[in-house]
Amino acid sequence: HSYPCSLGKQWYQRRVRGSRVVLPELGEGLQTPDISKCLDTALYESSEHLETEEEMMCAFIAFQANKEPEAAVYASKEEATMRYGLFKECVREVKDINDEQITWSAEVNFFCDMTEEEMYPYVHGIPQNEIPGDMLPGSSDDEEGTSLGGTEYPGSPAPAY
């Protein structure tokens, strides 16, 4: 395969991955990051070092850039902003779980930019279009007061990301 530039395959792959990134609204004082420096999966795979907003933004860029090719690219800056909030919440949860020093560890994965509704079929094993209406997130609670679509489950903790 021939690549459009003498820099070769690695340059070309990084360029393509970087072109998939949609930046969210940048917070007060946050500068637009150099996307080319934010493409390595190690930036989000090892979440314990994500302390600053700049580090979190760079990790989010790497997360987007390294999604599977068939994964949807964010449609707009507004969607990227919403997904960035979900990503930061997931990273905090992963860090909290791993700080507990239990016998297993959590990691940033493809769930980290999904809403609860988007995660539902993965967590419950039911295709979204086949879920009975009373089992959808936000539906009425069952007899024990625990919503099947929420994050509380009788006798067990909610599934972790």
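Shown above is the structure to which this text applies.
Keep in mind that this is a model prediction, so the values were computed, not measured.

## Observations regarding the pattern of salt bridges
All told, the structure shown has five salt bridges when counted by the stated rule. Across the pair Glu-53 and Lys-88 runs a salt bridge whose closest N-O atoms are separated by 3.2 Å. Of this pair, Glu-53 sits in helix 3 (residues 53-65) while Lys-88 sits in helix 4 (residues 77-99), and the two are 35 residues apart along the sequence. Given a relative accessible area of 19%, Lys-88 falls into the buried group. As a salt-bridge pair, Asp-113 and Lys-67 come within 2.5 Å of each other at their nearest N and O atoms. Linking Asp-113 in the loop between helix 4 and helix 5 (116-124) with Lys-67 in the loop between helix 3 and helix 4, this pair joins segments that are 46 residues apart in sequence. Put simply, Glu-79, Arg-83 and Glu-118 are held in one network by salt bridges that share partners.

## Focus on the state of the cysteines
Within this structure, the stated rule accounts for two disulfides. Each disulfide pairs two cysteine sulfurs, and for Cys-90 the partner residue is Cys-112, the sulfurs being separated by 2.0 Å. One end of the pair, Cys-90, is in helix 4; the other, Cys-112, is in the loop between helix 4 and helix 5, with 22 residues separating them in the sequence. Across the pair, exposure class does not vary: Cys-90 and Cys-112 are buried alike. Numbered in order of appearance, the disulfide-bonded cysteines of the chain are paired 1-2, 3-4.

## Brief notes about the nonpolar core
Core analysis: the largest hydrophobic core is formed by 28 residues, its most contacted members being Tyr-44, Phe-63, Phe-87 and Val-108. Of all the secondary structure elements, the ones that give two or more residues to this core are helix 3 and helix 4. Beyond its immediate sequence surroundings of up to four residues, Phe-87 is in contact with Tyr-44, Met-56, Ala-59, Phe-60, Phe-63, Val-108 and Cys-112.

## Remarks on the packing of aromatic side chains
Per the stated rule, a full pass over the model turns up eight aromatic pairs. Measuring from centroid to centroid gives 5.9 Å for Phe-60 and Tyr-74, while their planes differ by 15 degrees, and the two rings are stacked. Pair noted here: Phe-60 is in helix 3 and Tyr-74 is in the loop between helix 3 and helix 4, with a separation of 14 residues, a long-range link. Here Phe-60 falls in the buried class, since its relative accessible area comes to 0%. Classification of Tyr-74 as buried rests on a relative accessible area of 6%. Plain terms: the ring middles of Phe-110 and Tyr-122 are 5.4 Å apart, the flat faces sit at 75 degrees to each other, and that makes the pair edge-to-face. A residue pair is termed long-range when its members are at least 10 positions apart, and Phe-110 in the loop between helix 4 and helix 5 and Tyr-122 in helix 5 qualify at 12 residues. Aromatic rings pair up to connect Tyr-44, Phe-60, Phe-63, Tyr-74, Tyr-84 and Phe-87 into one cluster.

## Some thoughts on the environment of Glu-55
Inspection of the secondary structure assignment puts Glu-55 in helix 3. Look at Glu-55 and you get partly exposed, because its relative accessible area is 31%. C-alpha of Glu-55 to C-alpha of Tyr-44: the two residues are 11 residues apart in sequence and 9.2 Å apart in space. Sequence-distant contacts of Glu-55, that is, excluding residues within four places in its chain, are made with His-49 and Leu-50.

Calculation rules
Residues numbered from 1 in each chain as written. Predicted model: local features only at pLDDT ≥ 70, side-chain atom pairs only at ≥ 80, totals over all residues. Heavy atoms only, no water. Salt bridge = Lys/Arg side-chain N within 4 Å of Asp/Glu carboxyl O. Helix = DSSP H or I, 4+ residues; strand = E, 2+ residues; numbered from the N terminus. Buried < 20%, exposed > 50% of the residue type's maximum accessible area, 1.4 Å probe, protein only. Disulfide = S-S within 2.5 Å. Core = buried A, V, L, I, M, F, W, Y, C linked by side-chain atoms within 4.5 Å. Contact = heavy atoms within 4.5 Å. Phe/Tyr/Trp six-rings, centres within 6.5 Å; stacked < 30°, edge-to-face > 60°.

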